[in-house]
Amino acid sequence: SPEELRRYARLAREESMNDLAARSYSALLALAPSDGEALREAGKLAYAEGRYSEAAQLLARADHDAESLLLLGDLAKREKREDEARRKWSLALAANENKMLEAQLLARLGRWDQASQLFGDLVAADPKDDGAKAEYASALLDRGRLGDAERVLKTGDAGLRLEQLRAQLAAVKGDTKSASRQLTARSPP
């Protein structure tokens, strides 16, 4: 039944079993092609797997939450449709209740002072949250603020995302030897 498939899909998502979740949402959409939640979640999964055309088609027909609107904005930007991207990001910002997502949206919308303040607040609120540090450092790197990104990255643990950003920072600064060393030191066996 559609509700059983929805329950399986949700459980699979909670357990990070994305292949199973995608198959469950696909089966649900075969039974109920206009199911807003299934369209939205299948679209998010397609986006995460780099299937951008499929993600755009699914998300365009979905019930929109802030995250799906952010992804629709990112998809529009990939296609060089800047005005559409800004419109989707603005809608996502209005619909959002998640502070990290809000900081990311403010940065994408070019409201950097607000984004930087919010990123800083998130990092200060939980200094052990390397995810917040990674998002903040990534936004700083995107803006060419290498010194600020370096300061944020120095305070983090040795998580893979932070190491990747440290390597990106080293490469941008022209230190390819250090960048390569950081990436190979964290490569999975």
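Residues numbered from 1 in each chain as written. Predicted model: local features only at pLDDT ≥ 70, side-chain atom pairs only at ≥ 80, totals over all residues. Heavy atoms only, no water.

**Description of the side chain of Lys-44**
Moving on, step 1. You can see Lys-44 is positioned in helix 3 (residues 36-48).
Moving on, step 2. There is a polar contact of 2.8 Å between the side chain of Lys-44 and the side chain of Asp-65.
Moving on, step 3. Those residues in contact with Lys-44 that sit more than four places away from it in its chain are Leu-59, Asp-65, Glu-67, Ser-68 and Leu-71. (Helix = DSSP H or I, 4+ residues; strand = E, 2+ residues; numbered from the N terminus. Polar contact = N/O pair within 3.5 Å; in protein donor to acceptor, adjacent residues only side chain to side chain. Contact = heavy atoms within 4.5 Å.)

**Comments concerning the packing of helix 9 (residues 130-142) against helix 10 (residues 146-154)**
Helices that pack against each other are described as a pair by the angle of their axes relative to one another and the distance between those axes.
Moving on, step 1. Where helix 9 contacts helix 10, the axes come no closer than 8 Å and their chain directions differ by 165°. With respect to their mutual orientation, helix 9 and helix 10 come out roughly antiparallel. Like other packed secondary-structure pairs, helix 9 and helix 10 cross with a definite hand, here left-handed. Judged by residue contacts, Lys-133, Tyr-136, Ala-137, Leu-140 and Leu-141 of helix 9 engage Leu-146, Asp-148, Ala-149, Val-152 and Leu-153 from helix 10.
Moving on, step 2. Here the contact of helix 9 with helix 10 is built from residues that sort into eight nonpolar, no polar and two charged. (Axes fitted to C-alpha atoms, helices over the stretch in contact; angles between N-to-C directions. Parallel < 35°, antiparallel > 145°, perpendicular 65-115°, else oblique. Left-handed = near helix turned anticlockwise from the far one by under 90°. Nonpolar A, V, L, I, M, F, W, Y, C, P; charged D, E, K, R; others polar.)

**A short note on the nonpolar core**
Moving on, step 1. Core analysis: the biggest nonpolar cluster contains 53 residues, and Tyr-25, Leu-105, Trp-112, Phe-119 and Tyr-136 have the highest contact counts within it.
Moving on, step 2. With sequence-adjacent residues up to four places away left out, Tyr-25 is seen in contact with Ala-9, Arg-10, Arg-13, Glu-37, Ala-38, Glu-41, Ala-42 and Leu-45. (Core = buried A, V, L, I, M, F, W, Y, C linked by side-chain atoms within 4.5 Å. Buried < 20%, exposed > 50% of the residue type's maximum accessible area, 1.4 Å probe, protein only.)

**Here we look at the packing of helix 1 (residues 2-14) against helix 3**
Moving on, step 1. For the pair helix 1 and helix 3, the least separation of the axes is 12 Å and the interaxial angle reads 30°. Judged by the angle between their axes, helix 1 and helix 3 are roughly parallel. Note on packing geometry: the crossing formed by helix 1 with helix 3 is left-handed. Between helix 1 and helix 3, the residues in contact are Arg-6, Arg-10 and Arg-13 and Glu-37, Ala-38, Glu-41 and Leu-45, respectively.
Moving on, step 2. Counted by class, the contact of helix 1 with helix 3 contains two nonpolar, no polar and five charged residues.

**Comments concerning the environment of Arg-81**
Moving on, step 1. Secondary-structure assignment places Arg-81 in the loop between helix 5 (66-78) and helix 6 (82-95).
Moving on, step 2. By relative accessible area, Arg-81 is classed as partly exposed at 40%.
Moving on, step 3. Taking the C-alpha atoms as reference, Arg-81 lies 32 Å from Ser-16; in sequence the two are 65 residues apart.

**Notes on helix 3**
Moving on, step 1. The terminal C-alpha atoms of helix 3, which comprises 13 residues, lie 18 Å apart, in line with the 18 Å expected from a rise of 1.5 Å per residue.
Moving on, step 2. Summarising burial for helix 3: twelve of the 13 residues are buried, a large majority.
Moving on, step 3. All buried positions along helix 3 are accounted for by Gly-36, Glu-37, Ala-38, Leu-39, Arg-40, Glu-41, Ala-42, Gly-43, Lys-44, Leu-45, Ala-46 and Tyr-47.
Moving on, step 4. If you follow the buried residues of helix 3, they end up packed against helix 1, helix 2 (18-31), helix 4 (52-60) and helix 5.
Moving on, step 5. Structurally, the start of helix 3 carries an N-cap: the backbone nitrogen of Glu-37 is 3.2 Å from a side-chain oxygen of Asp-35.
Moving on, step 6. One or two residues past the end of helix 3 sits Gly-50, with phi positive at roughly 80°. (Expected span 1.5 Å × (residues − 1).)

Any functional reading would require information that these geometric values do not contain.
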